[in-house]
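Geometric and topological summary
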Protein chains: 4
Amino acid sequence: MPESTLSTDPFTLDVSSWLNSAPISIESLRGRVVVIEAFQMLCPGCISHGLPLAQRIHRTFDRDEVVVLGLHTVFEHHAVMGCDALEVFLSEYRIEFPVAIDRPIPGQAIPATMQRYGLRGTPSMLIIDRDGYLRDIAFGTVDELALGAYLGRLLAEPAAELVRAPAESVASDSAFCDIGGNCT
Amino acid sequence: MPESTLSTDPFTLDVSSWLNSAPISIESLRGRVVVIEAFQMLCPGCISHGLPLAQRIHRTFDRDEVVVLGLHTVFEHHAVMGCDALEVFLSEYRIEFPVAIDRPIPGQAIPATMQRYGLRGTPSMLIIDRDGYLRDIAFGTVDELALGAYLGRLLAEPAAELVRAPAESVASDSAFCDIGGNCT
Amino acid sequence: MPESTLSTDPFTLDVSSWLNSAPISIESLRGRVVVIEAFQMLCPGCISHGLPLAQRIHRTFDRDEVVVLGLHTVFEHHAVMGCDALEVFLSEYRIEFPVAIDRPIPGQAIPATMQRYGLRGTPSMLIIDRDGYLRDIAFGTVDELALGAYLGRLLAEPAAELVRAPAESVASDSAFCDIGGNCT
Amino acid sequence: MPESTLSTDPFTLDVSSWLNSAPISIESLRGRVVVIEAFQMLCPGCISHGLPLAQRIHRTFDRDEVVVLGLHTVFEHHAVMGCDALEVFLSEYRIEFPVAIDRPIPGQAIPATMQRYGLRGTPSMLIIDRDGYLRDIAFGTVDELALGAYLGRLLAEPAAELVRAPAESVASDSAFCDIGGNCT
């Protein structure tokens, strides 16, 4: 992951609204590991891989340890992936975790949080440590065993860790919808 | 399947428009077996089972023998499953076969073709024989081996067959989105 | 499939013993389609693909229409795939259909039936029509939809068919253990 | 897991021979997490779940961190699961990690290591921490995400940890071949 996104500042979301929850700040989750699943409701790889994995994480870990959030990062076909459609989608797919809508920027395709952290497309999984810092961004499919080990290591870190080295990424090579509009 | 839907009349579609194709009449396909996949773009079972199976049929059989058509039978959440959204969906999911939009009936949730043939929900697979008659409706998941055998038998029938007995249905017990709005 | 194996003679098994059944002659099954799954108990592709498919065929079709038989064609590691080991294997894997043991030929690796019909390795699926003639040999993985259609067409043939053209093979490209001892 | 098997002594193997490797003592692996996959070559659940998972662990982790070993714990059908058969099996299934053969005890069905640690059947996964102590035994299917997290936490422990609390087991409810001879 580009060094620039491993900011010295804690991770923050810039979103316009929330579904399944009142607004949540990442700061309020300090002490827990946070997994953010960035997706689009009409992205095939998000439906076949990204969201099912996010749901398994949501069900596997204790909420006091790992919190799963969705982030709807629409960067194409904005007209048909609005809030009403997303609400139906979350209901039909029984997504239970909180989902934020990445803030649209007038005149630009890519929304605010997606731009700030340089996401390459969807699905992307962002992993935030117990101190609120972004530690990895995984674009495309994610190996479950490697992801589990990564989360296990983050959970074993004391909060307020001073040194924060980028661990080996859990991202694989195969991606899905990239910003260039190619889905693979 | 209810006897009433095994009409003595050839099967016809009552649709408002077509994507991926100019309008097609079932009559023009006389001599071929026709498989119609009735789906909704936000029905999880359609995406995980129904449409992938329809695509496998489309790729497995010679087009002179078996023709696959999609039928978008929206019976819930009409506002977010309009023609524009469907067009994006077909492109993202790389659905290549022709897709018709079942004709909406003002003031009613269930569209015209879905009503006429008594479909119970989505996904439903309608199987039309070489003479243009509806032979089976399978609601929910479909066993691939049994479906293959069913199609093989229909292909072996001479066209203009006089006696048309309902064969054993290829439908299984597990269904997805029924008209009552329950998805399983 | 090599033309030479599409013999003008009906198909016959040359086997040394049977498990799960008294001896069965192919002739006695005249009128039914017969699917013979040639396998070795230590062939990974047989366990992951060949035998599960054979079991699904066994459970899907009426026994008066399609009969499934196993054929243990040991061509390597003979010492550890004897009859006692096979008996344990069939019990642990709950294989319920009759299984014949291809007759070993002293001094040769490849057993009798496997030699006669030129099988290339395991798993191989042999398909016999209602008149007792071999119609296809599929080596490796088999597409379920295409296989279903093939069986459906054979079931639609009147027995005592005079003209017997080789249909398009249901075999795919990917194979498992070939006679050269390579497993892929 | 029964408290009695969480011994105050380091874990040791009592085996008769090794395949794929010279003999290995658990003591020599001090500093690494060790995953031992207890299996039988004719146990269906071992082939479909246990061994593929062990192979994924073997390929996912750095060998300096996690070492995978197989343990052939034959407790039924001893005559057909001898060393020669196992050698063919490991070769056909391309099992690359070292495999030990649990020491048979004359006149008893259950071999030595299996008895000592009270294994309930196969597949069972034993997890040894960096100090050489047994921390969990998972019988049956294992959730990959939970297992990854468990290994990640063990890797984060300093070696020579003094307090060794039993973590929540990664074992699921569904098992395969239990000692009573039932396979599910």
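First, a word on scope: everything that follows refers to the structure included in this document.

1. Some details on the overall build of chain A
- When its secondary structure is counted, chain A shows four helices and eight strands.
- Starting at the N terminus and ending at the C terminus, chain A contains elements arranged as β-β-α-β-α-β-α-β-β-β-α-β.
- Among the 184 residues that make up chain A, the fraction classed as buried is 54%.
- Partitioning the intrachain contacts of chain A with sequence separation of at least 6 by distance along the chain shows that 77% fall at a separation of at least 24.
- Summed over all atoms, the accessible surface of chain A reaches about 7,700 Å², with 51% contributed by carbon and sulfur.

2. A short note on the nonpolar core
- Within the largest apolar cluster, 124 residues are counted, with the highest numbers of intra-cluster contacts made by Ile36, Ile57 and Phe89 of chain C together with Ile36, Ile57 and Phe89 of chain D.
- Within the second largest apolar cluster, 123 residues are counted, among which are Val68 and Met125 of chain A together with Ile47 and Cys177 of chain B.

3. Topic: unusual backbone geometry
- In this structure, Pro123 of chain B follows Thr122 of chain B across a cis peptide bond, with omega equal to -5°.
- Along the chain, the position of Pro123 of chain B falls in the loop between β5 (121-122) and β6 (124-128).
- Of note, Asn20 of chain A is a non-glycine position whose phi angle comes to about 70°, a positive value.
- Mapped onto the elements, Asn20 of chain A comes out in the loop between β1 (15-19) and β2 (33-39).
- Among the residues examined, Asn20 of chain A registers a relative accessible area of 44% and is labelled partly exposed.

4. Brief notes about the packing of aromatic side chains
Residues and elements named next belong to chain A.
- If you walk through the whole model with that rule in mind, you get twelve aromatic pairs over all chains.
- For the pair Phe39 and Phe89, a centre-to-centre distance of 6.3 Å together with 25° between the ring planes defines the contact as stacked. Separated by 50 residues along the polypeptide, Phe39 in strand β2 and Phe89 in helix α2 (residues 83-92) bring together distant segments of the chain.
- The exposure class assigned to Phe89 is buried, which follows from its relative accessible area of 1%.
- Among the aromatic residues, those joined into a ring-pair cluster are Phe39, Phe89 and Tyr93.

5. Here we look at the pattern of salt bridges
- Applying the stated rule across the entire model yields 24 salt bridges over all chains.
- Of the charged contacts in the structure, one is a salt bridge between Glu144 of chain B and Arg56 of chain B, with a shortest N-O distance of 3.0 Å. Linking Glu144 of chain B in helix α4 (residues 144-156) with Arg56 of chain B in helix α1 (residues 44-60), this pair joins segments that are 88 residues apart in sequence.
- Residue Asp14 of chain D is joined to Arg103 of chain D by a salt bridge in which the shortest nitrogen-to-oxygen separation is 2.7 Å. Of this pair, Asp14 of chain D sits in the segment before β1 (15-19) while Arg103 of chain D sits in the loop between β4 (99-102) and α3 (112-116), and the two are 89 residues apart along the sequence.
- What emerges from the salt-bridge pattern is a single network uniting Asp14, Arg103 and Arg116 of chain A.

6. Brief notes about the interface of chain B and chain C
- Each partner contributes residues to the interface: chain B has 17 residues there, and chain C has 17 residues.
- At the boundary of chain B with chain C, total buried surface from both sides reaches about 1,300 Å², with 69% on carbon and sulfur atoms.
- Area buried by chain B at its contact with chain C is led by Glu144, Leu145 and Arg153 of chain B, which between them contribute 47% of it.
- Where chain B meets chain C, there are two salt bridges.
- Across the pair Glu65 of chain C and Arg153 of chain B runs a salt bridge, and its minimum N-O distance is 2.6 Å.
- When residues of the side of chain B that touches chain C are traced back to their parent elements, those giving at least two are α1 and α4 of chain B.
- Among the elements that line the side of chain B that touches chain C, the one with the most residues is α4 of chain B, at ten residues.

7. What to know about the interface of chain B and chain A
- In this assembly, 18 residues from chain B lie in contact with 18 residues from chain A.
- Here chain B packs against chain A, burying approximately 1,500 Å² in sum over the two surfaces, 63% of which is carbon and sulfur.
- Summed over the shared surface of chain B and chain A, the number is zero salt bridges.
- Where chain B packs against chain A, one counts two residue pairs in polar contact (both at pLDDT 80 or more).
- Per element, the largest residue contribution to the side of chain B that touches chain A is five residues, and it comes from helix α2 (residues 83-92) of chain B.
- Tallied by class, the residues present in the side of chain B that touches chain A amount to twelve nonpolar, two polar and four charged.

8. Side note on the relation of the copies chain B and chain A
- Each copy superposes on the other: chain B lies on chain A with an RMSD of 0.0 Å after a rotation of 180° and an axial shift of 0.0 Å. The transformation just described matches what one would write down for a two-fold rotation axis.
- The overlap is high: 100% of the interface residues of chain B also sit at the interface in chain A, so the same surface is used on both sides.

9. Brief notes about the side chain of Gln40 of chain D
Residue and element names in this part refer to chain D.
- Here Gln40 shows up in the loop between β2 (33-39) and α1 (44-60).
- For Gln40, the side chain forms a polar contact with the side chain of Glu76, separated by 3.2 Å.
- Here the side chain of Gln40 touches Thr122 through a polar contact of 3.2 Å, side chain to side chain.
- Discounting residues that sit within four places of it in the chain, Gln40 has contacts with Cys46, His72, Thr73, Val74, Phe75, Glu76, Met81, Thr122 and Cys177.

10. Structural notes on the sheet that holds strand β1 (residues 15-19) of chain B
All names here are of chain B.
- If you walk across this open sheet you meet the six strands as β1-β4-β3-β2-β6-β7, and the pairing is mixed. Taken across any chain shown, the strands that pair with only one partner, and hence form the sheet edges, are β1 and β7 (134-139). Adjacent strand axes in the sheet meet at a mean angle of 25° when their direction is disregarded.
- For strand β3 (residues 66-72) and strand β4 (residues 99-102), the ladder comprises three bridges, and the chain directions are parallel. Bridge pairing in β4 places Gly70 opposite Val99.
- Sitting on the sheet, α4 is in contact with β2 (33-39), β3, β6 and β7, with an inclination near 20° to β6.

11. Focus: the relation of the copies chain B and chain C
- Of the transformation placing chain B onto chain C, the axial shift is 0.0 Å and the rotation is 180°, giving an RMSD of 0.0 Å.
- Residue by residue, 100% of the interface of chain B is reproduced at the interface of chain C, so both copies engage with the same surface.

12. Some remarks on the pairing of strand β6 (residues 124-128) of chain C
Residues and elements named next belong to chain C.
- Of all the five residues making up β6, five are buried; the element is thus mostly covered by neighbouring parts of the structure.
- On β6, burial covers both faces: Ser124, Leu126 and Ile128 on one face and Met125 and Ile127 on the other are all buried.
- As judged from the five bridges shared by strand β2 (residues 33-39) and β6, these two strands associate in the antiparallel manner. Residue pairing for β6: Val34 is matched across the bridge by Ile128.
- Bridge count for β6 against strand β7 (residues 134-139) is five bridges, and the pairing is antiparallel. Its bridge partner being in β7, Ser124 is matched across the sheet by Phe139.
- What sits between β6 and β7 in their antiparallel hairpin is a turn of five residues, with Gly132 showing a positive phi close to 90°.

13. Quick notes on helix α1 (residues 44-60) of chain C
All names here are of chain C.
- Over its 17 residues, α1 extends 24 Å from the first C-alpha to the last, a length consistent with the 24 Å expected when each residue adds 1.5 Å.
- The largest bend along α1 measures about 35° and falls at Gly50, with the proline Pro52 one to four residues further on.
- Pro44, Gly45, Cys46, Ile47, Gly50, Leu51, Leu53, Ala54, Gln55, Ile57 and His58 are the residues of α1 that are buried.

14. Digging into the sheet that holds β1 of chain D
All names here are of chain D.
- Ordered by their spatial adjacency, six strands build an open sheet running β1-β4-β3-β2-β6-β7, and the pairing between neighbours is mixed. At either margin of the open sheet sits one strand with a lone partner, and together these are β1 and β7 (134-139). When the angles between neighbouring strand axes are averaged without regard to direction, this sheet yields 25°.
- Inspection of the sheet shows β1 paired to β4 by four bridges, in the antiparallel sense. Pairing of Ser17 across the sheet is with Ile101, part of β4.

Parameters and conventions
Position numbers for residues count from 1 along each chain, tracking the sequence in the order it is written. Chains carry letters and ligands carry numbers; both start at the beginning, A for chains and 1 for ligands, and go up in the order they are written. Reporting of local features is limited, given that this is a predicted model, to residues whose pLDDT is at least 70; pairs of side-chain atoms are given and counted only at 80 or more, and all residues count toward the totals for whole chains, interfaces and linings. Water and hydrogen atoms play no part in the side-chain values, which are based on all heavy atoms of the structure. In this description a helix means any DSSP run of H or I spanning at least four residues, a strand means any run of E spanning at least two, and both kinds are numbered starting from the N terminus. The rule is simple: take the accessible area with a 1.4 Å probe, protein chains only, and divide by the maximum for that residue type; under 20% is buried, over 50% is exposed, in between is partly exposed. Contacts: residue pairs with any heavy atoms within 4.5 Å of one another. All accessibility values rest on the Shrake-Rupley procedure with a 1.4 Å probe; residue burial counts only the protein chains present in the view. The criterion is simple. A nonpolar core is a set of buried Ala, Val, Leu, Ile, Met, Phe, Trp, Tyr and Cys residues joined through side-chain atoms within 4.5 Å. Classification of ring pairs uses Phe, Tyr and Trp, with its six-membered ring standing for Trp, and accepts pairs whose centres are within 6.5 Å; under 30 degrees between planes counts as stacked, over 60 as edge-to-face, and the remaining range as tilted. What counts as a salt bridge is simple: a side-chain nitrogen of Lys or Arg found within 4 Å of a carboxyl oxygen of Asp or Glu. What counts as buried area is the accessible surface, traced by a 1.4 Å probe, that two parts surrender upon association, with contributions from both included. By the criterion applied in these results, polar contacts are pairs of N or O atoms within 3.5 Å in which, for protein atoms, one can donate a hydrogen and the other can accept it, and in which residues neighboring in sequence qualify only through two side-chain atoms. Under the grouping applied here, Gly and all other residues not named as nonpolar or charged are polar, the nonpolar ones being Ala, Val, Leu, Ile, Met, Phe, Trp, Tyr, Cys and Pro and the charged ones Asp, Glu, Lys and Arg. Alignment of copies: least-squares fit on C-alpha atoms of residues with pLDDT of at least 70 in both copies. Between any two strands, at least two bridges found by DSSP are needed for them to pair. Axis lines are fitted to C-alpha atoms, over the contacting stretch for helices. Their N-to-C directions set the angle, which ranges from 0 to 180 degrees. An expected span of 1.5 Å times one less than the residue number is assigned to each helix. A residue's bend is the angle separating two fitted axes: one through the seven residues that end there, the other through the seven that start there.

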